[in-house]
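Coordinate inspection notes
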Amino acid sequence: MRAYLRHPFWQAVGLFVLAYLVIVFVIPMLPGSAMVPSSVVLQYMATVLVGILIWVSDDEARWTTFKEPLHEVLIQPRLKLVRNGLLAAVTLVVGCLTYSQVKASVAAPPNLRSIHPAPPSQITFRGKTITLVGLENPLRKQGEMAPHVAQGRRIYYQNCVPCHGDHLDGQGHFASGFNPLPANFQDNGTIAQLTESFVFWRIAKGGPGLPREGTPWNSAMPAWEDYLTENEIWSVVLFLYDQTGWKPRTWEVSGGAK
Amino acid sequence: MEAEDVGSERGGQVMAVGRLGGWAVGLAILLTAEPTNRLTAQDTTAGKHVYQKWCAGCHGDNGAGDGPAAKHMIPPPRDFTGAIYQIRSTPSGQLPTDADLLRSIDEGLFGTAMPGWKSRLSDRQRRDVLAYIKTFSSFFTDTTQRPQPIAFGSAPGGGGAEALKVGRQLYDSIGCRKCHGDQGRGDGPSAPTLKDDAGHPIFATNLHENWRFNGGGTVEDIYHRLRTGLDGTPMPSFSDLLENKFLTDEQLWRVAQYVRSLSPKETPVVRDVLHAPLAKRLPHSPDDSAWTAVDVYWFPLVGQIVHKQRWFAPAVTGVWVKAVHTADSIALRVVWDDRSESPDTAWLGHIGRVLASLDTDDSTREQPAPWPDQLAVQFPVTIPSGMERPYFLMGSASAPVYQWRWSSSSRSAAVAGLARGIDRFDPLPGGAPGAQAVYDHGQWRVVFTRALASADTASQFPFRSGRAIPVAFFASDGSNGEHGTRMAISTWYFLALDEPVPARVFISPVLAMVLTLGLGMLVVWRAQQKTSYRKGRQ
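Note that the coordinates shown come from a computational prediction; the quantities given were computed from them, not determined experimentally. Counting starts from 1 at the beginning of each chain's written sequence and moves along it residue by residue. Note on labels: chains are lettered from A, ligands numbered from 1, in written order. The predicted nature of this model means local features are confined to residues of pLDDT at least 70 and side-chain atom pairs, given and counted, to a pLDDT of 80 or more, with totals for whole chains, interfaces and linings taken over all residues.

**Structural notes on the overall build of chain B**
This is how it is decided: Numbered from the N terminus, helices here are DSSP runs of H or I no shorter than four residues, and strands are runs of E no shorter than two. Exposure in this text rests on C-beta crowding, where 20 or more other C-beta atoms within 10 Å of a residue's own make it buried, 12 or fewer make it exposed, and counts in between make it partly exposed. The C-beta atoms are placed from the backbone. Placing C-beta atoms from the backbone, we regard two residues as in contact once those atoms come within 7 Å.
Of regular secondary structure, chain B possesses 13 helices and 14 strands. If one aligns the C-alpha atoms of chain B with their principal axes, the spans along those axes are about 95 × 85 × 50 Å. Here chain B holds 538 residues, and 46% of them are scored as buried. Here the contacts in chain B between residues at least 6 apart in sequence split such that 68% fall between residues at least 24 apart.

**Some remarks on the overall build of chain A**
Along its length, chain A carries ten helices and two strands. Starting at the N terminus and ending at the C terminus, chain A contains elements arranged as α-α-α-α-α-β-β-α-α-α-α-α. The dimensions of chain A, computed from C-alpha atoms along their principal axes, are 90 × 40 × 35 Å. The buried share of chain A, taken over its 258 residues, is 28%. Long-range pairs, those at least 24 residues apart, make up 54% of the contacts in chain A with a sequence separation of at least 6.

**Description of the sheet that holds strand β10 (residues 434-439) of chain B**
All names here are of chain B. Quick note on the threshold: The pairing criterion is simple: DSSP has to find at least two bridges between the two strands. To get an axis, fit a line to the C-alpha atoms, keeping to the stretch in contact for a helix; angles then go from 0 to 180 degrees between the N-to-C directions.
Across the sheet, five strands lie side by side as β2-β4-β5-β11-β10; this open sheet has antiparallel pairing. Looking at which strands have only one partner, the edges of the open sheet turn out to be β2 (297-300) and β10. Sheet twist, expressed as the mean angle between neighbouring strand axes with direction ignored, is 20 degrees. Pairing of β10 with strand β11 (residues 443-451) involves six bridges; the strand directions are antiparallel. Looking at the pairing, Val438 lines up with Arg445 of β11.

**Observations concerning the confidence of the model for chain B**
Residue and element names in this part refer to chain B. Keep this limit in mind: pLDDT expresses how confident the predictor is about each individual residue, on a scale running from 0 to 100.
Per-residue pLDDT for chain B has a mean of 90; in total, 91% of the residues score no lower than 70. Per-residue pLDDT stays below 50 along residues 1-21; that stretch engages in 41 contacts with residues further than four places along the chain or on separate chains. Across residues 26-41, where pLDDT falls below 50, the model places 18 contacts with residues more than four positions away in sequence or in other chains. The ipTM value of the predicted complex is 0.86, and its pTM value is 0.84.

**Focus: the pairing of strand β1 (residues 122-125) of chain A**
All names here are of chain A. One ladder, built from four bridges, connects β1 with strand β2 (residues 128-131); its direction is antiparallel. Counterpart to Phe125 in the pairing with β2 is Lys128. Taking the residues between adjacent antiparallel strands as the criterion, β1 and β2 are bridged by two residues, where Arg126 takes a positive phi near 50 degrees.

**Some thoughts on the interface of chain B and chain A**
Rules: Following the grouping adopted for this structure description, the nonpolar residues are Ala, Val, Leu, Ile, Met, Phe, Trp, Tyr, Cys and Pro, the charged ones are Asp, Glu, Lys and Arg, and the polar ones are all others, Gly among them.
At the interface, 51 residues of chain B touch 43 residues of chain A. Counting only elements with at least two residues in the side of chain B that touches chain A, the list comes to α4 (56-59), β3 (302-303), β14 (493-497) and α13 (507-537) of chain B. The element that contributes the greatest number of residues to the side of chain B that touches chain A is α13(B), accounting for 13 residues. Looking at the side of chain B that touches chain A residue by residue, the class counts come to 31 nonpolar, 13 polar and seven charged.

**Quick look at the environment of Cys179(B)**
Mapped onto the fold, Cys179(B) is located in helix α8 (residues 176-180). Between the alpha carbons of Cys179(B) and Ser190(B) there is a distance of 5.1 Å; along the sequence they are eleven residues apart.

**What about helix α9 (residues 230-244) of chain A?**
Residue and element names in this part refer to chain A. This is how it is decided: Expected helix span is taken as 1.5 Å per residue step, with the number of steps being one fewer than the number of residues.
Look at α9: 22 Å from first C-alpha to last across 15 residues, which is about the 21 Å you get at 1.5 Å a residue. All of the buried residues along α9 are Ile233, Trp234, Ser235, Val236, Val237, Leu238, Phe239, Leu240 and Tyr241. Elements that come into contact with the buried residues of α9 comprise α6 (146-159) and α8 (196-205). Just downstream of α9, Gly245 is the residue with a positive phi angle, here 85 degrees.

**Quick look at the domain arrangement of chain B**
Interfaces are often sized by the amount of accessible area the parts lose when they come together. Residues and elements named next belong to chain B. Selection rule: Reported domain spans reflect what an automatic or database domain assignment gives.
Once the domains are mapped, chain B shows domain 1 (2-24 + 158-261), domain 2 (34-140), domain 3 (273-497) and domain 4 (505-537). The gap between the C-alpha centroids of domain 1 and domain 3 is 33 Å. Facing 17 residues of domain 1, the contacting portion of domain 3 comprises 14 residues.

**A word on the domain arrangement of chain A**
Splitting chain A by domain gives domain 1 (2-102) and domain 2 (122-254). Relative to domain 2 of chain A, the C-alpha centre of domain 1 of chain A lies at a distance of 51 Å.

**Structural notes on the packing of helix α2 (residues 8-26) of chain A against helix α3 (residues 38-57) of chain A**
Any two packed helices are characterised by the angle at which their axes cross and by the distance between the axes. Residue and element names in this part refer to chain A. Rules: Our angle categories are set so that under 35 degrees counts as roughly parallel, over 145 as roughly antiparallel, 65 to 115 as roughly perpendicular, and the remainder as oblique. Two helices crossing with the near one rotated counterclockwise from the far one by less than a right angle form a left-handed crossing, whereas a clockwise rotation gives a right-handed crossing.
Two elements in contact, α2 and α3, have axes separated by 10 Å at closest approach and are oriented at 155 degrees. When the interaxial angle is binned, α2 and α3 end up roughly antiparallel. Judged by the sense of rotation from one axis to the other, the crossing of α2 with α3 is right-handed. Contacts between α2 and α3 involve Pro8, Ala12, Leu15, Phe16, Ala19, Tyr20, Ile23 and Val24 from the first element and Val41, Tyr44, Met45, Val48, Leu49, Ile52 and Val56 from the second. Along the lines of polarity and charge, the residues of the contact of α2 with α3 split into 15 nonpolar, no polar and no charged.

**Quick look at the environment of Lys67(A)**
With respect to the helices, strands and loops of the structure, Lys67(A) is situated in helix α4 (residues 60-75). Counting along the chain gives 58 residues from Lys67(A) to Phe9(A), while the straight-line C-alpha distance between them is 7.2 Å.

**Some thoughts on the pairing of β14(B)**
All names here are of chain B. With four of five residues buried, β14 is to be regarded as a mostly interior element. Where strand β1 (residues 273-276) lies against β14, four bridges are found, and the strand directions are parallel. Counterpart to Val273 in the pairing with β14 is Phe494. Sheet analysis places strand β12 (residues 469-476) next to β14, joined by three bridges and oriented antiparallel. Bridge assignment links Ile469 to a residue of β14, and that residue is Leu495.

**A few points about the environment of Trp311(B)**
Mapped onto the fold, Trp311(B) is located in the loop between β3 and β4 (318-325). Each C-alpha atom of the pair Trp311(B) and Leu519(B) lies 65 Å from the other, and the pair is 208 residues apart in sequence.

**Description of the confidence of the model for chain A**
It should be kept in mind that the predicted coordinates are not to be read in detail where pLDDT is low. For chain A, mean pLDDT is 90; residues scoring 70 or higher make up 97% of the total. Ignoring residues within four places in sequence, the model shows residues 254-258 of chain A, a span with pLDDT below 50, making seven contacts including any to other chains.

**Some thoughts on unusual backbone geometry**
Residue Pro75(B) follows Ile74(B) across a cis peptide bond; omega there is 0 degrees. Mapping Pro75(B) onto the fold places it in the loop between α4 and α5 (98-107). Even without glycine at this site, Arg126(A) takes up a positive phi of about 50 degrees. Phi angles above zero are rare outside glycine, and Thr215(A) is one such case at about 45 degrees. Among the secondary structure elements, Thr215(A) is positioned in the loop between α8 and α9.

Written out as structure tokens, the structure reads:
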């Protein structure tokens, strides 16, 4: 057993297995982590393999010892069974892999979606032209914030909760029925990255108002200009930032937010 | 009161006693409760802050279940002022324990709009909000009367077929079927009359969807609900049947095991591509034995809340779909649970309660009418080559969709047509698919059949094998007030008519295997040659 532990070949095999176990079982258990997708596992394992090979070939003596068991399997008459078994196994694996690659299987077409497509410079809101470039939330300059936020809160709960959820995390009770999933406003990749004018545009025009790269045919987001006034939409925008604690991206700092 | 709705013959009388007994206990608490030991303001300030921020939107500023979202969901949010809670570990009529309340906060109530807050709020925040919620009702102020959980014990062993048979017999004899129906789909004779204590409409739970059971779907969860009842709803406690020796504890566990057995072992997983294998013969009938061998797919449906008039309380939770095809035809079988064979005037009262519970986009509230049940299956007009498709919600004026529409008012006839938006449907002349429908104990089973490519290819969607065909589903339960735009919808999924594996597919794997084996043998041969060469030189 000790001889095995010291042998570079078995050390390499051990390291390889250990790396696999860590990537597949340990990483998902770390806080804030998730299952590693199989394609990423493949990449990691390839890197590990290269690393191990560099390590074993780094020292001439180690490299020679490393090769020994492999060589033994190839030539030793007493290992004939292992040799033939390995040959058959490798051949079978290659056959199966090739079959899974070439067999005809219909998959859902890739859904390449731009999550934050470039907004238009101006939109028509119920017949009124609104220029989005440089536009700020007008309610931020209209007296006390609290009543505006309260109005936004009421509208949010009456209209947005089924999809975007009580926690604004896109996990409302209807969310799982839709694809793409409703936007998660708690995530640092949505409203935290956007100007309020962008959010206003997305609410006002909804799924049907997306450009082609935003896959407008899949989005269940209504065009809220059919339901809400300009003022009401701005109050909801205000509520989204107030409730999540994010700050909108501003025109002054970024110059031209997309 | 409710006992009249749920009770029947012998079991009903026993239940009525149990229910009244529960209320007597509740009344006793009410009479003896004194506002002593009031929680100090300091204790609940933090909880109030959390409540106002995350809970008041549904449950209301004063805990009366009347927040701005309240009229956009069924069941409505809990009214904390009455301190009547469904999910408890305590006997019927008693207050829940703190652990009971915390569980509902942490896990949410499945099948409702109440999410689980465990991952969303900190431990501290959830405990604070729990303390605050209790201040809405004076029932909680008497801290000398701590609610005591029932000692539930654990499930008896031997839950095999024999045990399920016992459970099934008891399910009938203690009156479950009065509301939950013969097959457990919530379609019993009393189902249309059900309302909660506040008069809100309430469905008898469909026992085939345990992932939507409010208090959880395990055998233990179900047994606990049987023991405690769902206070405030027509679901009684069956603990009194144990006390009266009408049932043994083991028998009640058998009922729980039987109820659990009605749902799938695992919560259904949504798969994007519905595979239709090649069959020798096309099954036209919903109950053709050929369907049993075909893989089934679950597609969840949710309320149509995109276009006016929106619908926040859909009754159809999803569809189970199977598909097969032959060389020239396709058969698609859609199965969904629906408590009523609409149109059915027995449900008019329920429709009225549903419509009264919801805010609408209409200025005037519609009058209940016996609407039929409806189903639509949607495809594009042609199979898209790229990823672009028509708008998922019934297309648009410029990019229509091809649909099959079926209605329970003309069961064995479906219509094919083009939808150009949610409110425009133009039937295609002479293009109706075959349709056969069965209504069976709370479940519709409908089979559509059609030629893959019809003679009139210009107007009928041409099915082709080996391609991902976008497909979507829409369903309305007329007896839940659904018609027109009030329905349950899905987004695009895909249908694939699988082709048999052609022989040429096996060529490359065989080639690869021969090559690998050859290379391997070459390596072995070379290594052995080298060794014997060296040996020869020594």
